[in-house]
Amino acid sequence: SQDGLIWFFGIDDDLDEIKGKLTQNGQWFEGQLDDIDGDPIGRFRVCFEKPGVVTYQLGQIEDDEWDDGTFAFEDNRYNRRKPSTYIVMETGTSRLHQVE
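Keep in mind it's a predicted model, so treat the numbers as computed, not measured.

1. Some details on the pattern of salt bridges
Scanning all chains against the criterion turns up 1 salt bridge. Across the pair arginine 45 and glutamate 30 runs a salt bridge, and its minimum N-O distance is 3.4 Å. Residue arginine 45 is found in strand β4 (residues 40-50), and its partner glutamate 30 is found in strand β3 (residues 28-35); the two are separated by 15 residues along the sequence. Glutamate 30 matches arginine 45 in its accessibility class, with the two residues each being buried.

2. Overview of the environment of phenylalanine 9
Within the fold, phenylalanine 9 resides in strand β1 (residues 6-11). For the pair formed by phenylalanine 9 and lysine 19, sequence separation is 10 residues and the distance between their alpha carbons is 4.5 Å. Once residues lying within four places of it in the same chain are set aside, the contact partners of phenylalanine 9 are Ile18 and Lys19.

About the thresholds
Residues numbered from 1 in each chain as written. Predicted model: local features only at pLDDT ≥ 70, side-chain atom pairs only at ≥ 80, totals over all residues. Heavy atoms only, no water. Salt bridge = Lys/Arg side-chain N within 4 Å of Asp/Glu carboxyl O. Helix = DSSP H or I, 4+ residues; strand = E, 2+ residues; numbered from the N terminus. Buried < 20%, exposed > 50% of the residue type's maximum accessible area, 1.4 Å probe, protein only. Contact = heavy atoms within 4.5 Å.

This is the structure:
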């Protein structure tokens, strides 16, 4: 946004809405995530690694520690979708064991 924030909107494993406001802290944009009722559920942060790649980390509400982090890759960057995207598009989940 123009004020330097990133607004996070998503869904959790139970398909419930989660949201949060991420503010810049060094190379990271980080903030608290809340459920649809506004109750805190955890912390989230993301940083840019290189074009098309970010790293994100999760943290507990009352803890200063972060997990080891996960890379996320931009879909359709090189004119083709990642195979995992087709699974999500066709089944609505990335958890194959739920649809097999």
